[in-house]
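So you can see what is in the structure, the chains are spelled out below.
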Protein chains: 2
Amino acid sequence: MEELKEQISNLITQQQWNQLRQLAWNDYLIPDVASLLIGLNKADRVIMFRLLPRPVATAVFSYLEKEDRNALLKDLTNEETRYLLTNLPPDDRTTLFEELPGQVTQRLLNLLNPDDLKEARLLLGYPEESVGRLMTPDYVAVRPQWTIQEAINHIRLKARNSETLHTIYVIDESWKLLDSLELSLLILANPQETVEAIMSKSFISLSAFDDREMAVKVMQKYDVFSLPVVDSDGILLGLVTFDDVMDVAEEEATEDFHKTAAVTPLKASYQESSIKDLVGKRMGWLIALVFVSLLSSGVIALYEQTLQTVIVLTVFIPLLLGSGGNAGAQASTLMVRALATSDVTADEWIRVFFKELMVGLLLGVFMGIISSIFGSMRGGLQIGLIVGFTMLTIIIAANLIGVMLPFILTKMNLDPAVASNPLITSITDVMGLLIYFAIATMILGPL
Amino acid sequence: MEELKEQISNLITQQQWNQLRQLAWNDYLIPDVASLLIGLNKADRVIMFRLLPRPVATAVFSYLEKEDRNALLKDLTNEETRYLLTNLPPDDRTTLFEELPGQVTQRLLNLLNPDDLKEARLLLGYPEESVGRLMTPDYVAVRPQWTIQEAINHIRLKARNSETLHTIYVIDESWKLLDSLELSLLILANPQETVEAIMSKSFISLSAFDDREMAVKVMQKYDVFSLPVVDSDGILLGLVTFDDVMDVAEEEATEDFHKTAAVTPLKASYQESSIKDLVGKRMGWLIALVFVSLLSSGVIALYEQTLQTVIVLTVFIPLLLGSGGNAGAQASTLMVRALATSDVTADEWIRVFFKELMVGLLLGVFMGIISSIFGSMRGGLQIGLIVGFTMLTIIIAANLIGVMLPFILTKMNLDPAVASNPLITSITDVMGLLIYFAIATMILGPL
């Protein structure tokens with residue numbers, strides 16, 4: 001090893017690049033090459049790393065410690081870095097970028113051309129649907145000690161496109177975010193003042209690892225049209241702008257719509273989804289709900305005798321189950337949406353419970369009266385009574401199930417939108433039949 | 001009349017305001033006062049109008065022609081104008097403001113303090129959910145012939161708040177919108193150039209009478225965070241900003257969610273809605289759907305004999321109707337959302353029909369096989385066959401109903417969201433029962 005090291009050092013000093021490149025690198029073990037590399041001085045290290053066959057270089061890089069990796073990354077060209085990133089094994093890549101200093105991440109983002117941005121954000125290892133995937137490095141930053149005039153000159157110089165110039169970021173030497181200033185504030189200020197003089201330091205920022213829904217909520221709450229994204233040390237990485245956030249809000253709403261109807265959210269638009277995608281996203285829930293429906297069938301099987309004796313009871317099954325399902329779907333949808341828009345919080349379930357108990361009672365009384373009339377017309381007073389009371393009870397119960405299930409799911413840290421209309425309908429079917437037969441047996445006596 | 005006119009003219013000349021005010025105005029007919037008013041010269045006219053008891057003034061104003069109204073409005077104080085607006089009959093108010101010159105509307109908006117803005121937009125007669133109700137007059141406008149430096153000085157002078165300074169509007173003498181420029185463009189330009197030199201004249205604007213959903217769509221399409229609002233002559237009235245538009249997008253999505261579950265959209269948030277509101281928004285659809293469900297009951301009544309003979313058929317009613325309803329709800333929700341986000345347009349119904357025919361077929365085959373197994377287990381091969389075939393047919397039919405109803409509603413210029421999950425479920429119930437009994441009678445023979 002020592003010998004090889006000296007040989008390489010000599011080849012470098014003599015600038016014998018070709019000979020160096022043609023060494024039988026593949027014959028050496030990766031850990032040996034790695035430790036050899038670390039043993040070189042910084043300048044030689046970069047040169048040698050660059051001369052390694054690329055697959056070897058990538059493998060060696062995987063082997064290095066955090067500090068050595070960062071030191072190397074700082075000296076590589078953007079193209080070399082990109083090759084590295086693309087070829088590292090995914091788990092290595094993720095751990096690499098979790099530890100990468102904000103300044104390096106940011107440099108990477110800044111050097112890439114817009115077309116590569118999407119890929120880069122992916123490579124940078126930010127999770128799907130995270131703020132990191134939305135951010136752009138198109139911002140202009142100034143220093144607090146500059147005068148306004150210097151800042152404006154810098155903005156004129158650095159401006160890449162006017163769209164992201166509306167907010168100017170103030171940073172320190174380590175690129176740590178100190179404030180965000182509207183461009184108009186700079187224009188209105190005295191040009192001889194310093195930037196620091198107009199800083200409020202009350203800025204809002206996102207972490208690159210935040211869920212993208214956080215961007216929507218923060219933007220809506222603070223009415224700002226762009227938000228800076230920082231790493232855990234507060235280093236400015238990029239910004240997210242309102243247009244991307246509006247798209248996210250629409251996509252999130254679409255996902256919730258699909259969940260409402262027990263469709264696993266499509267990854268693409270409807271137009272782009274293949275028949276196979278569509279079937280796949282719908283089949284799972286349809287089959288799962290078959291098993292809930294089988295419970296309903298089981299209840300009917302249990303009361304087959306009753307139905308055969310008083311066949312007119314069968315006539316009202318669609319009316320009673322249908323209305324229960326409708327009331328439950330109304331209630332769950334109201335609640336899922338209220339929770340999604342933070343109109344209602346999970347802690348308020350008791351208030352909502354009693355409010356909806358009243359709503360269900362009122363709806364139930366109305367619907368009970370109506371259906372008891374139909375029941376009497378078809379099967380006499382007794383049937384009218386059974387149908388009316390069943391309707392009253394079903395509506396109240398279905399309404400409460402619809403209201404409470406989203407809260408229960410939230411408390412279990414599940415998505416309340418799982419309380420889809422089809423799920424609620426299937427559950428209220430089972431419950432409705434049980435109520436129906438219980439009331440029928442009570443009024444008609446055992447059959 | 002001539003006499004009265006002269007008397008008034010004299011009283012005005014002599015500045016006998018009290019005497020003029022104390023004339024028995026209520027004794028005269030409104031049309032007479034109106035024609036008397038028109039007969040006066042402009043200066044006298046305003047004075048007399050101001051001295052009229054306010055209810056008389058309002059009635060007279062209603063009587064005037066468009067031009068006379070506008071002439072008067074120009075000379076009234078803001079407070080007087082507001083009184084007029086508040087007290088005009090609603091229909092008069094609306095017609096008045098439809099004809100009001102943009103300059104007058106804009107002056108009104110500009111003079112009002114922010115607290116009055118909400119009321120003013122209401123008074124200005126813009127329809128509910130229109131862009132007019134969203135707009136704010138907080139903008140800064142410049143002239144094309146100014147130099148950039150002059151423009152920036154003007155912006156510094158006029159700036160009310162920095163939030164709406166990001167876009168500067170270029171107008172002509174009649175306040176007609178010529179262009180919208182990002183503030184940053186001005187900053188980047190040579191201060192000695194004219195504004196005209198950096199104008200692109202390719203701006204996007206909204207009409208105050210546009211539906212507010214238009215603001216969402218335009219903002220999403222063009223990625224701009226504020227949009228100028230103009231009247232039919234292109235006069236700048238105000239602007240809408242992304243924060244209001246994001247709120248609109250959320251409200252519109254919430255409305256669509258509520259419609260999905262057959263709830264008439266709540267006017268307020270869930271928290272703010274009273275029990276009475278909630279019952280009111282849900283009862284109508286629940287009752288309407290009772291009548292659809294009665295059709296299902298009717299179908300069962302028609303086949304009561306069949307059911308009594310082969311009671312096991314009853315057992316599978318919840319499974320078959322439930323699955324049909326679920327598939328229909330999935331399909332309609334996918335379609336309603338795709339239409340709402342312009343992912344699919346109304347003209348594409350044929351492509352969607354065939355795509356969903358395939359999706360329904362595949363789902364139907366899977367579901368048919370599963371349920372034929374359950375059917376056979378419970379009632380033998382024949383029942384298995386009936387249940388399986390019914391499931392296949394119901395899924396295909398329910399899927400197509402769910403997909404096509406939103407298109408049909410769109411073609412009828414109705415809101416596709418009327419195709420709510422409860423409506424689809426109720427319709428597929430009727431259809432499902434008809435299919436079930438048809439297939440059962442076919443396989444079992446007449447009973």
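The structure displayed is predicted, hence computed values, not measured ones. (Residues numbered from 1 in each chain as written. Chains lettered and ligands numbered in written order. Predicted model: local features only at pLDDT ≥ 70, side-chain atom pairs only at ≥ 80, totals over all residues. Heavy atoms only, no water.)

Looking at chain direction, strand β2 (residues 167-171) of chain B and strand β3 (residues 177-182) of chain B are connected through five bridges and run antiparallel. The residue of β3(B) that forms the bridge with V170(B) is D179(B). (Pairing = 2+ DSSP bridges. Helix = DSSP H or I, 4+ residues; strand = E, 2+ residues; numbered from the N terminus.)

Residue and element names in this part refer to chain B. Within strand β6 (residues 236-241), six of the six residues are buried, which leaves the element mostly enclosed by the surrounding structure. Where strand β5 (residues 226-230) meets β6, five bridges bridge the pair, whose relative direction is antiparallel. Opposite S226, over in β6, you have T241 as the bridge partner. (Buried < 20%, exposed > 50% of the residue type's maximum accessible area, 1.4 Å probe, protein only.)

A few words on the relation of the copies chain A and chain B. Mapping chain A onto chain B calls for a rotation angle of 179° and an axial translation of 0.3 Å; the resulting RMSD is 0.8 Å. These values place the two chain copies in the arrangement generated by a two-fold rotation axis. Considering only C-alpha atoms, the residue of chain A closest to the rotation axis is Q308(A), which sits at 3.0 Å. Here 100% of the contact residues of chain A are again contact residues in chain B; the copies associate through an equivalent surface. (Least-squares fit on C-alpha atoms with pLDDT ≥ 70 in both. Contact = heavy atoms within 4.5 Å.)

Let's shift gears to the nonpolar core. Core analysis: the biggest nonpolar cluster contains 123 residues, and F316(A) and F316(B) have the highest contact counts within it. At 19 residues, the largest contribution of residues to this core is made by helix α19 (residues 349-411) of chain B. Not counting chain neighbours up to four residues away, the residues in contact with F316(B) comprise S297(A), F374(B), G375(B), R378(B), I383(B), V387(B) and Y436(B). Residues L134(A), V240(A), V229(B) and L237(B) belong to the second largest nonpolar core, which totals 38 residues. (Core = buried A, V, L, I, M, F, W, Y, C linked by side-chain atoms within 4.5 Å.)

Now for the interface of chain A and chain B. The interface of chain A with chain B comprises 101 residues on the first partner and 101 residues on the second. With both chains or domains summed, chain A and chain B bury close to 9,700 Å², and 68% of this area falls on carbon and sulfur atoms. Sorting the residues of chain A by area buried against chain B places F257(A), Y270(A) and R282(A) first, and these three jointly supply 9% of that buried surface. Between E304(A) and R378(B) there is a salt bridge whose closest N-O contact spans 3.0 Å. Across the chain A-chain B interface, the total number found is 42 residue pairs in polar contact (both at pLDDT 80 or more). For the side of chain A that touches chain B, the element with the most residues is helix α15 (residues 275-302) of chain A, which contributes 17 residues. (Buried area = accessible area lost by both parts, 1.4 Å probe. Salt bridge = Lys/Arg side-chain N within 4 Å of Asp/Glu carboxyl O. Polar contact = N/O pair within 3.5 Å; in protein donor to acceptor, adjacent residues only side chain to side chain.)

Quick look at the packing of aromatic side chains now. For any pair of aromatic rings, the description rests on two quantities: the centre-to-centre distance and the angle between the ring planes. This structure, assessed with the given rule, holds 17 aromatic pairs over all chains. With a centroid separation of 5.7 Å and 90° between ring planes, the pair formed by F225(A) and F242(B) is classed as edge-to-face. Of this pair, F225(A) sits in the loop between α13 (212-222) and β5 (226-230) while F242(B) is found in helix α14 (residues 242-260), placing the two residues in two different chains. On the basis of relative accessible area, F225(A) is assigned to the buried category, the value being 9%. The class for F242(B) is buried, based on a relative accessible area of 3%. Ring plane angle 85° and centroid distance 5.4 Å describe the contact between F353(B) and F354(B), whose orientation is recorded as edge-to-face. On the basis of relative accessible area, F353(B) is assigned to the partly exposed category, the value being 23%. Above the face of the Y270(B) ring, K355(A) is positioned so that its terminal group lies 4.6 Å from the ring centre. (Phe/Tyr/Trp six-rings, centres within 6.5 Å; stacked < 30°, edge-to-face > 60°. Lys NZ or Arg CZ within 6 Å of the ring centre and 35° of its normal.)

Moving on to the packing of helix α19 (residues 349-411) of chain A against helix α15 (residues 275-302) of chain B. Packed helices, taken two at a time, are described by their axes: the angle between them and the distance between them. Between α19(A) and α15(B), the least distance of the axes is 11 Å, while the angle of their chain directions is 30°. The orientation of α19(A) with respect to α15(B), classified from their angle, is roughly parallel. Considering how the two elements wind past one another, α19(A) and α15(B) form a crossing that is right-handed. Packed against α19(A), whose contacting residues are K355(A), E356(A), M358(A), V359(A), L362(A), L363(A), F366(A), M367(A), I370(A), F374(A), R378(A) and N399(A), the element α15(B) presents I275(B), L278(B), V279(B), R282(B), M283(B), L286(B), I287(B), V290(B), F291(B), L294(B) and A301(B) at the interface. Here the contact of α19(A) with α15(B) is built from residues that sort into 18 nonpolar, one polar and four charged. (Axes fitted to C-alpha atoms, helices over the stretch in contact; angles between N-to-C directions. Parallel < 35°, antiparallel > 145°, perpendicular 65-115°, else oblique. Left-handed = near helix turned anticlockwise from the far one by under 90°. Nonpolar A, V, L, I, M, F, W, Y, C, P; charged D, E, K, R; others polar.)

So, about the environment of Q16(A). Along the chain, the position of Q16(A) falls in the loop between α1 (2-13) and α2 (17-21). Counting along the chain gives 158 residues from Q16(A) to S174(A), while the straight-line C-alpha distance between them is 38 Å.

For the rest of this paragraph, the subject is the UniProt feature "transmembrane region" (unreviewed entry) in chain A. UniProt records the feature "transmembrane region" (unreviewed entry) for residues 283-303, 309-329, 357-377, 383-409 and 421-444 of chain A in the present numbering. The straight-line gap between the two end C-alpha atoms of residues 283-303 of chain A is 30 Å; of that span, 95% is helix and 0% is strand. (UniProt positions renumbered as here; feature names shortened; annotations may be inferred.)

In this section: the sheet that holds β6(B). Residue and element names in this part refer to chain B. The strand order across the open sheet formed by three strands is β4-β5-β6, and the pairing between neighbours is mixed. The sheet terminates laterally at β4 (206-207) and β6, the two strands that pair on one side only. Sitting on the sheet, helix α13 (residues 212-222) is in contact with β4, β5 and β6, with an inclination near 135° to β5.

Overall, the prediction assigns chain A a mean pLDDT of 85, with 89% of residues at 70 or greater. Scored as a whole, the predicted complex attains pTM 0.74, and scored at its interfaces, ipTM 0.73. (pLDDT = per-residue confidence, 0-100.)

Let us look at the side chain of T333(B). Among the structural elements, T333(B) can be located in helix α18 (residues 317-340). Owing to a relative accessible area of 4%, T333(B) belongs among the buried residues under this scheme. When residues no more than four places from it in sequence are discounted, the contact partners of T333(B) are F257(A), A261(A), T260(B) and N421(B).

Turning to unusual backbone geometry, a few remarks are in order. Glycine aside, negative phi is the norm for most residues, and most peptide bonds take the trans geometry. A positive phi angle, close to 60°, is found at S342(A), a residue other than glycine. With respect to the helices and strands, the residue S342(A) is situated in the loop between α18 (317-340) and α19. Of note in this structure, A262(B) is not a glycine but carries a positive phi near 60°. The topology assignment puts A262(B) in the loop between α14 and α15. Residue A262(B) is classed as buried on the basis of its relative accessible area, which comes to 2%.

With that out of the way, let us pick up the pattern of salt bridges. Any two side chains of opposite charge can pair, given that their charged atoms come close. Overall, the coordinates contain 20 salt bridges over all chains when judged by the stated rule. When salt bridges with common partners are traced through the structure, they connect E129(A), R212(A), E251(A), E252(A) and E255(A) into a single cluster.

Residue and element names in this part refer to chain A. A cluster of nonpolar side chains, M358, L361, L362, V365, F366, I369, I373 and M377, forms an exposed patch at the surface whose accessible area comes to about 730 Å². Counting through the fold element by element, L361 comes out in helix α19. The exposure class assigned to L361 is partly exposed, which follows from its relative accessible area of 36%. (Patch = residues over 30% accessible without salt bridge, like charges linked within 9 Å, V, L, I, M, F, W, Y side chains within 5 Å. Areas by Shrake-Rupley, 256 points an atom, 1.4 Å probe, with all protein chains shown as cover.)

Residue and element names in this part refer to chain B. Strand order in the open sheet made by the three strands is β1-β2-β3, with mixed pairing throughout. The open sheet terminates on both sides in strands that have one partner only, identified here as β1 (140-142) and β3. Each neighbouring strand pair of the sheet contributes to a mean axis angle of 35°, computed without reference to strand direction. On the sheet, helix α11 (residues 148-158) packs against β1 and β2 and is oriented at approximately 155° with respect to β1.

Relative orientation of the contacting elements α18(A) and α14(B) amounts to 160°, with a least axis distance of 9 Å. Viewed along their axes, α18(A) and α14(B) adopt a mutual orientation that is roughly antiparallel. Here α18(A) and α14(B) pass one another in a crossing that is right-handed. Contact with α18(A), carried on its side by T333(A), L334(A) and R337(A), involves E250(B), A253(B), T254(B), F257(B) and H258(B) of α14(B) and no other residues of that element. Its residues assigned to classes, the contact of α18(A) with α14(B) comprises three nonpolar, three polar and two charged.

Below, the discussion takes up the environment of I394(A). Residue and element names in this part refer to chain A. Residue position: I394 is located in helix α19. Taking relative accessible area as the criterion, I394 reaches 1% and is therefore assigned buried. Taking the C-alpha atoms as reference points, I394 and G324, separated by 70 residues in sequence, lie 5.6 Å from one another. Once residues within four sequence positions are removed from consideration, I394 is found in contact with L320, G324, N399, M431, G432 and I435.

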